[in-house]
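# Reading the structure
Chain by chain, the residues:
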Amino acid sequence: MIDLPHTPPPSPIPKRILVSLATYNEVDNLVPLAEAIRLYAPQASLLIIDDNSPDGTGRVADELRARQPHVHVIHRPKKLGLGTATLAAMHFAIENGFDYLLNLDADFSHPPRFIPSLLAGMNENDVMIGSRYVAGGGVEGEFGLKRKLMSAGINWYARLLLGLQSKDNSGAFRCYRVSTLAQLDLGLVRSRGYSFMEEILFWCRQAGGRIGETPILFENRRSGVSKINKLEVVTALRIILQLGFDRFLGRVGGRNSASLLSGTQS
Ligand SMILES: Nc1nc2c(ncn2[C@@H]2O[C@H](COP(=O)(O)OP(=O)(O)O)[C@@H](O)[C@H]2O)c(=O)[nH]1
Ligand SMILES: [Mg+2]
């Protein structure tokens, strides 16, 4: 019998991962958060999208960038909304050939220790949600009744109107397959603010994307204050309602959002 030389099984090609953080007044959170992300995703690049934060977050982001080549910063001239900031990260990931885009809030509400389980779920899914509402997930510490009701309400509303099957549709702790994002017409995204989270899931599902959830324990922000306000909530409800309406009428589409993505990159 001929002894064939042993050929090792092909090792999987490492994925190019981009972690994104939208920041508005997160000056005390940014550096420790970037360090924690590095611990759990040492291979990842980091993109910070800052909207000219009055507290100097953008300057701290530039200092990080100067010290660490894996850090990128997009500066936008003013507060343009969490949705368009995340959209800017999606465009960056597509244009720069990343495989996965993983997003967290920049306030430690999304503990970086859950990053590996989001990445692991990408073997079977095109979007992984870090979820408070699947078995094993939840909220640690005080989460006021008002916020609990708001979160439960918006999730119920989005599931009903947009036909989403996932449980946590309002959280931003997610990993996206960039090739799935590249298939979408991101110009159709209507949301500028918080309803972006529900809307992008809708579009990913429309494109046949598989959406999975992995439990996370959400924490209250470490420093600074929330940027959500009544206007953001009302606008989010209106956009989801309009999208749901158009979905039932079979006419999903909308305005182009490209003009809101403008910004300078360092
Ligand atoms: N660049 C940018 N980031 C934003 C904007 N609004 C909120 N963020 C960031 O989005 C994340 C979630 O916002 P947060 O205020 O914590 O919302 P909450 O968790 O719903 O209370 C944080 O990292 C914020 O700094 C915005 O208009 N522009
Ligand atoms: Mg927060």
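Residues numbered from 1 in each chain as written. Chains lettered and ligands numbered in written order. Predicted model: local features only at pLDDT ≥ 70, side-chain atom pairs only at ≥ 80, totals over all residues. Heavy atoms only, no water.

## A few points about the site of ligand 1
Spelled out, the test is: Being near a molecule or strand, for a residue, means having at least one of its heavy atoms within 4 Å of it. Here a polar contact is taken to be a pair of N or O atoms separated by no more than 3.5 Å, where protein atoms must pair a possible hydrogen donor with a possible acceptor and residues adjacent in sequence count only if both atoms sit in side chains. Accessibility throughout is a Shrake-Rupley quantity obtained with a 1.4 Å probe, and a residue counts as covered only by protein chains that appear here. A run of H or I in DSSP counts as a helix once it spans at least four residues, and a run of E counts as a strand once it spans at least two, with each numbered from the N terminus.
Around ligand 1 sit 19 residues in total, of which Ala22, Glu26, Asp51, Ser226 and Lys227 are the nearest. One nitrogen or oxygen atom from the main chain of tyrosine 24 is found 3.0 Å from an oxygen atom belonging to ligand 1. A distance of 2.6 Å separates an oxygen atom of ligand 1 from a polar side-chain atom of glutamate 26. Notes on ligand 1: free accessible area 580 Å², of which the protein chains cover 97%. Of all the elements in the fold, those that place two or more residues in the shell around ligand 1 are strand 1 (17-23) and helix 3 (82-95).

## Some details on the UniProt feature "domain: Glycosyltransferase 2-like" (unreviewed entry) in the chain
This is how the line gets drawn: UniProt positions are given in the numbering used here, feature names are shortened, and annotations may be inferred rather than shown by experiment.
UniProt's feature table lists "domain: Glycosyltransferase 2-like" (unreviewed entry) at residues 22-181, given in the numbering used throughout. Counted over residues 22-181, helix gives 42% and strand 19%. Its end C-alpha atoms are 18 Å apart.

## Let's talk about the nonpolar core
Our working definition: Within this scheme, the nonpolar core is defined by two criteria: the residues are buried Ala, Val, Leu, Ile, Met, Phe, Trp, Tyr or Cys, and they are joined through side-chain atoms within 4.5 Å. Using a 1.4 Å probe on the protein chains alone, a residue whose accessible area is under 20% of its type maximum counts as buried, one over 50% counts as exposed, and one in between counts as partly exposed.
Judged by nonpolar contacts, the single largest core of 39 residues is most densely connected at Met90, Leu101 and Ile200. For this core, the secondary-structure elements that each account for two or more residues are strand 1, strand 2 (45-50), helix 3, strand 5 (127-131), helix 5 (145-162), helix 6 (178-183), helix 7 (196-206) and helix 8 (230-248). Grouped together as the second largest cluster of nonpolar side chains are 31 residues, Leu33, Ile48, Val73 and Ile115 included.

## Topic: the pairing of strand 8 (residues 211-215)
What counts is decided by this rule: Note: two strands are recorded as paired if DSSP finds a minimum of 2 bridges between them.
Residues Gly212 and Thr214 point to one face of strand 8 and are all buried, whereas Ile211, Glu213 and Pro215, pointing to the other face, are not buried. Both strand 5 and strand 8 contribute to a ladder of five bridges, which runs parallel. Bridge pairing in strand 8 places valine 127 opposite isoleucine 211.

## Overview of the environment of leucine 161
What counts here: The criterion used for residue contact is that any of the two residues' heavy atoms lie within 4.5 Å.
Here leucine 161 is to be found in helix 5. Taking the C-alpha atoms as reference points, leucine 161 and arginine 247, 86 residues apart in sequence, are found 8.2 Å from one another. Sequence-distant contacts of leucine 161, that is, excluding residues within four places in its chain, are made with Ile240, Leu241, Gly244, Arg247 and Phe248.

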